[in-house]
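# An overview of the molecular structure
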Amino acid sequence: MREVTYREAVREAMREAMRADERVLLLGEDVGRYGGAFGVSKGLLEEFGEERVRDTPLSESGFVGAGIGAALGGLRPIVEVMTVNFSLLALDQIVNTAALLRHMSGDQFGVPLVLRMTTGAGRQLAAQHSHSLEGWYAHVPGLRVLAPATIEDARGMLAPALADPDPVVLFEHAGLYNLKGPLPEAPAPVDIARAAVRRPGRDVTLVTYGGSLGKALEAAAALAELGVDAEVIDLRVLRPLDDATLLASVARTHRAVIVDEGWRTGSLAGEVAARLGEQAFYDLDAPIERVCSAEVPIPYARHLELAALPRVEGIVAAALRTLGR
Amino acid sequence: MTTTVGLDKDDLLTILAPDGTVDPELDPGLDGAQCLRMYEAMVQTRVMDERLMNLQRQGRIFFYLASTGQEACSIGPAAALTPDDWWVPGYRQPGAFVYREVPLKLLVAQCYGNAWDVTKGRQMPVHYAFREQNMVSISSPIGTQVIQAAGVAMAMKRRGHAKVAITYIGDGGTSSNDFHAGMNFAAVDKAPVIVICENNGWAISVPTPRQTASETFVQKAVAYGMTGVRVDGNDVFATYKAVRDARERAVRGEGPTFLEFVTYRLAGHSSSDDPKRYRPEAECEAWRAKDPIERLRLYLEARGLWDAAREEALLERCRKAINEAVNDNERVPRPELISMFEDVWAELPPDLAAALDEERQARGEGRFP
């Protein structure tokens, strides 16, 4: 075991992928000389050269569209988009081509593209950098959507994503890059089909993903102090959702709180709640609770930003409500 | 070093004049067989367009989009490229598919969306895709294919393949975000891509002065640092030569080329609009006199390769071929309903597997797989 940051784990995964497969290349804004807006790709240009670590012109639809073309042409591009907010400039390329092409072409053309993008708030970058739009991407058939919330997943999700013959969107929460933790010298491969139980418990299920996992685990620790044994499920795969793991948990705990940094209306939290309502109605002993961001653009000022996001106290209170406390 | 031909409207690469005479200095030197192959593909394309537009009027297919008057824009380039160069086309280059010998019955099947359709009844008519010919599915959102073609070209270069990608947009498409993104990316990357603007004067009902204040579309190439040539799009020798030269530059590592093909859409944008409602008929008449097929026919006659009897035989052959393709397709069943669930991903996910099972069980069939 060694100590690494989430950022280093993603970098190590990219380095490993590029060493293993000549077809893998990294495209994006400032990914080369600067080492990425969040410092993830530092050192890769020096090791792999400009042919494989490409600083592209500043156009999201440009470098995502070029990534699609490169994937069609037989390469395995990783495209870094600075934030999910900026990915909206490339949404047509992602949704109208990458996600649809296999089906539209009758299985003649697939787009094996990996899109990495930062999501979420907490760094005082204000509304146009800080939103959580994972739910929009999870809406679209043809995409696989992943949200590594741990150092192991940050390290282990890239390889299976690159092996996937279809487009994969990987969401890295901006607040996680400095997270530090142990990682084995030779990390095991990660299953990109299943949710993970991060903390087993009997009384209530906290369902979350990405940057909210830490808050859910903190809330579970606080709940333990109050004599409540919370189970924490990390969705990890936002599309296709792993219903089986969710349903098995709720069958044990009979209560569910969904923690999602996205906005509540039309959210991934809403989708999870609907699935539990459809498939676990008779297991539930209390209404499903949702803890989401306030339905406002994420503000800049620190106290406003924090107030807009899901908070540990809010998760604890919601869990207690499901228990009638 | 980039060069530009076509900074003003009088500047146009023309080799084959409307009267069938050739500029000897610029003659690309095609042999008789090559000329005849291009001519036959042009005639077959026009006959196919007429037949399929009629089929749409009869309600046999839902939609159609003809390329009448613009056949030289796709067939010259198709002849100039190698068979495994990549096409990331727009929707008005059916001639390239005909020239590359995609069977007519597969083109017709795509318009029917039946069980022979390689796109399996999922794409609008004329939005062809043929993997075997490296011809990528046509995209309905305008301009998106330009940057994708630059990406394909980047991959060809990276993999050391001496192949190029060719992509098309219309005059309206030059206003799109991805035209800019694609042109700029291609030029910066020196990608071996050929971007063709098929300037047919009209983006559905909007004339070119409403798309750009530039005097010519080729002027845009200058700003991107790209070689640009303004080409007579109704002159198949000029479209051939311009693309052949662009291909040679691309594989030499000299980067992309932008070609403006000046042409005219003699029919409507698609089966959904009536051009008489938005443009003067006289304009159309003037362009009929510059017909690309007529021009090549006059040339072939002058070269002793063609006469009235051969013309009649060819028309007969083309009509027979398209009629047979249509008649064959009339008997083809629809795609299986359950096929809709396939190919969203390479691997069937649990929810679609469940939907597919439900559909099968509703029909008394077994579980999947």
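Bear in mind the structure is a predicted one, so any value in this text is a computation, not a measurement.

## Focus: a negative patch on the surface
On the surface, B:Asp8, B:Asp10, B:Asp11 and B:Glu215 cluster together into a negatively charged patch. Relative to the helices and strands, B:Asp11 resides in the loop between strand 1 (4-5) and helix 1 (32-57).

## As for the domain arrangement of chain A
Residues and elements named next belong to chain A. According to the domain assignment, chain A contains domain 1 (2-183) and domain 2 (196-322). Put simply, the middle of domain 1 and the middle of domain 2, counted by C-alpha atoms, are 26 Å apart. Contacts between the two partners involve 29 residues from domain 1, matched on the other side by 23 residues from domain 2. For domain 1, the biggest contributors to the area lost against domain 2 are Gln 124, His 131 and Ala 147; these three give 24% of the whole. The interface formed by domain 1 and domain 2 contains two salt bridges. Ionic pairing is found between Arg 198 and Asp 153, a salt bridge with its closest N-O pair at 2.8 Å. For the interface between domain 1 and domain 2, the tally reads 16 residue pairs in polar contact (both at pLDDT 80 or more). Classifying every residue of the side of domain 1 that touches domain 2 by side-chain character gives 15 nonpolar, 10 polar and four charged.

## Some remarks on the nonpolar core
In summary, soluble globular proteins display a tendency toward joint burial of nonpolar side chains. A:Val64, A:Leu72, A:Leu115, A:Tyr137 and B:Phe258 are the most contacted members of the largest nonpolar core, which totals 81 residues. Top contributing element to this core by residue count: helix 5 (residues 144-158) of chain B, with nine residues. Each residue touching B:Phe258, except ones within four places of it in the same chain, is listed here: B:Phe179, B:Met183, B:Val195, B:Cys197, B:Phe217, B:Val218, B:Ala221, B:Met226, B:Thr227, B:Gly228 and B:Val229. By size, the runner-up hydrophobic cluster in this structure holds 73 residues, among which are B:Met42, B:Leu65, B:Leu81 and B:Cys318.

## Quick word on unusual backbone geometry
Between A:Arg239 and A:Pro240 the backbone carries a cis peptide bond, its omega angle lying at -5°. Position of A:Pro240 relative to the elements: it lies in the loop between strand 12 (237-239) and helix 11 (243-253). A positive phi is found at A:Asp107, a non-glycine position, where the angle reads about 70°. Here A:Asp107 is to be found in the loop between helix 6 (101-104) and strand 5 (114-119). Residue A:Asp107 is classed as partly exposed on the basis of its relative accessible area of 34%. Residues other than glycine seldom take positive phi values, yet B:Glu101 does so here, at roughly 65°. Note that B:Glu101 resides in the loop between helix 3 (94-99) and helix 4 (104-112). Relative accessible area serves as the criterion here: at 58%, B:Glu101 is assigned to the exposed category.

About the thresholds
Residues numbered from 1 in each chain as written. Chains lettered and ligands numbered in written order. Predicted model: local features only at pLDDT ≥ 70, side-chain atom pairs only at ≥ 80, totals over all residues. Heavy atoms only, no water. Patch = residues over 30% accessible without salt bridge, like charges linked within 9 Å, V, L, I, M, F, W, Y side chains within 5 Å. Areas by Shrake-Rupley, 256 points an atom, 1.4 Å probe, with all protein chains shown as cover. Salt bridge = Lys/Arg side-chain N within 4 Å of Asp/Glu carboxyl O. Lys, Arg positive; Asp, Glu negative; His and termini not counted. Charge placed at Lys NZ, Arg CZ, Asp CG, Glu CD. Helix = DSSP H or I, 4+ residues; strand = E, 2+ residues; numbered from the N terminus. Domains from an automatic or database assignment. Contact = heavy atoms within 4.5 Å. Buried area = accessible area lost by both parts, 1.4 Å probe. Polar contact = N/O pair within 3.5 Å; in protein donor to acceptor, adjacent residues only side chain to side chain. Nonpolar A, V, L, I, M, F, W, Y, C, P; charged D, E, K, R; others polar. Core = buried A, V, L, I, M, F, W, Y, C linked by side-chain atoms within 4.5 Å. Buried < 20%, exposed > 50% of the residue type's maximum accessible area, 1.4 Å probe, protein only.

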